Amino acid sequence: MSTGDLGAVYRAEYGRCVATLTRVLGDIGLAEEAVQDAFAVAVRKWDQAPPNPGAWIVTTARNRAIDRLRRESTREARHAQALLLDQPDEPREVGPVRDDRLRMIFTCCHPALSPLARTALTLRLLGGLEVAEIARAYLVPEATVSQRIVRAKKKIRDAGIPYRVPGAAELPGRLDSVLTVLYLVFNEGYTATSGELLRTDLSQEAVRLTRELAGLMPDEPEVIGLLALLLLTEARRPARVSPSGELVVLAEQDRSLWDRGLIAEGHELVRRCLRRGRPGPYQVQAAINAVHTDGPATDWTQVLALYDQLLHLVPTPVVALNRAVAVAEVHGPERALAAVDELDLPGYHLLPATRADLLRRLGRTAEAVAAYDEALALVANDTERAFLENRRARLTKEERP
Amino acid sequence: MKTYLLAVQFDESAPAPSDQEFREQMARTGQVTTEMRSAGSWVFVGGLVASSATTVVRPGAGTTTMTDGPFAETKEQLGGFWVIRCDDLDEALAWAEKCALACGSPIEVRPFQDAQWV
């Protein structure tokens with residue numbers, strides 16, 4: 001069997017098999033070793049992939065793990081053996097596979113783990129990304145990612161984080177943690193915090209995982225809302241950066257470049273959420289993006305109404321700032337500036353950037369230039385920096401007689 | 001079953017509560033302890049006297065030295081703790097939430113390696 005074909009099977013099946021073996025063996029590290037061991041056997045034995053490669057891997061991994069555990073005498077081995085004895089002989093396919101994926105998602109995103117640990121674990125164990133890929137995506141050394149993952153697994157083991165889907169009472173909070181991880185991964189790929197503007201792999205990974213989660217939890221409207229939000233944002237990617245590498249704001253984007261399919265899908269999901277009648281922050285943000293992608297130009301009155309709703313759900317300065325942008329379009333820059341001036345967001349470049357734009361529209365050029373300087377001191381992304389410098393330059397050009 | 005320490009991180013620099021506030025806090029934490037007992041999770045609970053009452057015994061060169069005052073000169077000191085037994089971290093965290101709300105201080109949840117019983 002070619003390395004390429006086996007690699008494809010590995011990539012497709014690794015996460016799912018580890019999820020199931022973790023339940024069977026009671027430890028993520030043991031499960032990973034067992035799955036990797038089984039793949040090593042597959043390399044030797046497979047002429048081509050069997051009809052159900054995942055089931056073959058799980059069965060082989062489990063049997064080999066049993067053999068190995070019998071020969072070992074460490075405490076982990078004894079514990080895992082005890083767990084194995086309690087299990088039915090053959091892990092059944094359908095229900096448990098779905099449940100195992102959910103168990104893994106909620107474990108990787110457990111709030112007792114640090115946010116960076118949650119991201120690294122999710123990408124490694126659910127996304128199936130290699131450590132090198134994760135490191136490249138976040139522009140950190142491989143050793144850093146490795147360490148994070150090792151420590152996270154140790155914490156899960158030492159602190160006794162259980163491998164299960166949270167009960168109904170804890171679910172909303174725990175689901176929130178999962179959605180945050182997925183949103184942050186997407187965002188990291190969409191507006192990278194340093195270097196280039198767009199790192200495609202991460203965004204696509206986030207979309208893929210969110211799709212899977214939506215499939216596993218179709219009755220959770222916030223999951224559908226997040227998926228809609230990501231799709232509607234992703235749809236605009238082709239228009240976000242000009243051929244010469246410059247940032248293009250929404251109002252100036254060539255809408256013919258937007259992905260029609262993703263927009264249609266996003267709109268349908270938003271309608272589905274509206275029918276549910278259980279609004280939440282991701283659903284409202286998705287609705288805002290649906291309005292932005294509906295027709296030739298944004299209906300700002302609708303957007304403002306949605307931001308009013310979002311601010312009620314999530315009363316934070318960032319949401320208030322984004323709302324102010326809508327206020328400018330509906331009620332004019334003067335009122336928007338008053339709203340922005342009430343906000344305190346130290347270190348957040350979009351605050352002075354927004355002020356700069358509003359001051360520019362009010363003809364207060366000198367103040368606008370100062371605000372752009374403030375924003376430039378804070379921005380970390382090269383493409384966004386170029387954009388702000390460009391805007392600032394246009395202003396100073398206008399000043400000269 | 002795992003054993004966990006629920007340690008109260010008490011801010012000794014904060015103004016002392018009034019007698020009334022103190023009694024109400026004792027009632028709240030007492031209620032949590034009662035619930036722990038009913039659930040079969042309770043092992044031990046105790047409030048500690050302020051760090052001004054502490055003494056540190058330090059080993060060195062085959063002998064020990066003794067100093068007045070707490071181990072670390074921080075404003076957060078161990079104010080007291082619960083020891084509980086439960087299935088996993090999620091259960092321990094659920095108890096910790098109740099403890100934190102009852103006593104108004106952060107609770108550090110720490111697993112025991114091997115707990116010795118009577």
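None of the values given here were measured: they were computed from a predicted structure.

Parameters and conventions
- Residues numbered from 1 in each chain as written.
- Chains lettered and ligands numbered in written order.
- Predicted model: local features only at pLDDT ≥ 70, side-chain atom pairs only at ≥ 80, totals over all residues.
- Heavy atoms only, no water.
- Helix = DSSP H or I, 4+ residues; strand = E, 2+ residues; numbered from the N terminus.
- Buried < 20%, exposed > 50% of the residue type's maximum accessible area, 1.4 Å probe, protein only.
- Areas by Shrake-Rupley, 256 points an atom, 1.4 Å probe, with all protein chains shown as cover.
- Lys, Arg positive; Asp, Glu negative; His and termini not counted.
- Charge placed at Lys NZ, Arg CZ, Asp CG, Glu CD.
- Core = buried A, V, L, I, M, F, W, Y, C linked by side-chain atoms within 4.5 Å.
- Contact = heavy atoms within 4.5 Å.
- Pairing = 2+ DSSP bridges.
- Axes fitted to C-alpha atoms, helices over the stretch in contact; angles between N-to-C directions.
- 1 Å grid on protein atoms, 1.4 Å probe; cavity = no way out; pocket = protein on both sides within 12 Å on 5 of 7 lines; lining within 4 Å.
- Points joined across faces, edges and corners; volume = space filled by probe spheres on them.
- Nonpolar A, V, L, I, M, F, W, Y, C, P; charged D, E, K, R; others polar.
- Salt bridge = Lys/Arg side-chain N within 4 Å of Asp/Glu carboxyl O.

Trainee: How should I be thinking about the overall build of chain B in this particular structure?
Mentor: Counting its regular elements, chain B contains two helices and six strands. When the helices and strands of chain B are placed in sequence order, the string is β-α-β-β-β-β-α-β. Overall size of chain B, expressed as C-alpha extent along the three principal axes, is 45 × 40 × 20 Å. When the 118 residues of chain B are sorted by exposure, 26% land in the buried category. Taken as a whole, chain B presents about 7,900 Å² of accessible surface, with 56% of it coming from carbon and sulfur. Positive and negative side-chain charges in chain B, numbering 9 and 16 respectively, have mean positions lying 4 Å apart.

Trainee: What should I look at first to understand the nonpolar core in this one?
Mentor: A general feature of soluble globular proteins is that nonpolar side chains tend to end up buried together. Counting 143 residues, the largest nonpolar core has A:L25, A:M104, A:L213 and B:L6 as the members making the most contacts within it. Setting aside residues up to four positions removed in sequence, A:L213 forms contacts with A:L102, A:I105, A:L175, A:V178, A:L179, A:L182 and A:V223.

Trainee: Is there a simple way to think about the sheet that holds strand β1 (residues 2-11) of chain B in this case?
Mentor: For sheets, the rule is that strands pair by backbone hydrogen bonds, running either parallel or antiparallel. Residues and elements named next belong to chain B. Across the sheet, which stays open at both edges, the four strands sit in the order β2-β5-β1-β6 with antiparallel pairing between neighbours. In the strand order of this sheet, the two ends are held by β2 (42-47) and β6 (107-111), each with one partner. Taking the axes of each pair of neighbouring strands and ignoring which way they run, one obtains an average angle of 20 degrees across the sheet. Sheet analysis places β1 next to β6, joined by five bridges and oriented antiparallel. Within the sheet, the bridge partner assigned to V8 lies in β6 and is I107. On top of the sheet, helix α2 (residues 89-103) reaches β1, β5 (76-86) and β6; it is set at about 155 degrees to β6, its chief contact.

Trainee: Where do I start with the environment of A:Q204 in this structure?
Mentor: Mapped onto the fold, A:Q204 is located in helix α10 (residues 200-216). Here A:Q204 falls in the partly exposed class, since its relative accessible area comes to 44%.

Trainee: I keep staring at empty space enclosed by the protein and nothing clicks. Help me out?
Mentor: Any space left empty among the atoms is revealed by the rolling of a water-sized probe across them. All names here are of chain A. Within this structure, the stated rule accounts for two cavities of 30 Å³ or more. Along its surface, the largest cavity is lined by I105, C109, T122, L126, V178, L182, L209 and E212. When the residues that make up the lining of the largest cavity are grouped by side-chain class, the tally is six nonpolar, one polar and one charged. There is about 40 Å³ of room inside the second largest cavity. Contributing to the lining of the second largest cavity are L25, L30, A34, A65, R68 and L69. Those elements giving two or more residues to the lining of the second largest cavity turn out to be α2 (28-45) and α3 (53-71). When residues of the lining of the second largest cavity are assigned to their parent elements, the largest contribution, three residues, is made by α3. Partitioning the lining of the second largest cavity into residue classes produces five nonpolar, no polar and one charged.

Trainee: Help me understand the pattern of salt bridges in this model?
Mentor: Side chains that carry opposite charge are capable of pairing whenever their charged atoms lie near each other. All names here are of chain A. Under the definition given, this model contains 33 salt bridges over all chains. Notably, a salt bridge pairs D219 with R276, separated by 3.3 Å at the nearest N-O pair. Here R276 lies in helix α13 (residues 260-276) and D219 lies in the loop between α10 and α11 (221-234), a separation of 57 residues in the sequence. The salt bridge partner of E234 is R237, with a shortest N-O separation of 2.9 Å. The two residues E234 and R237 agree in class, both being buried. Among the ionic contacts, a cluster of salt bridges with common partners joins E252, E329, D357, R360, R361 and R391.

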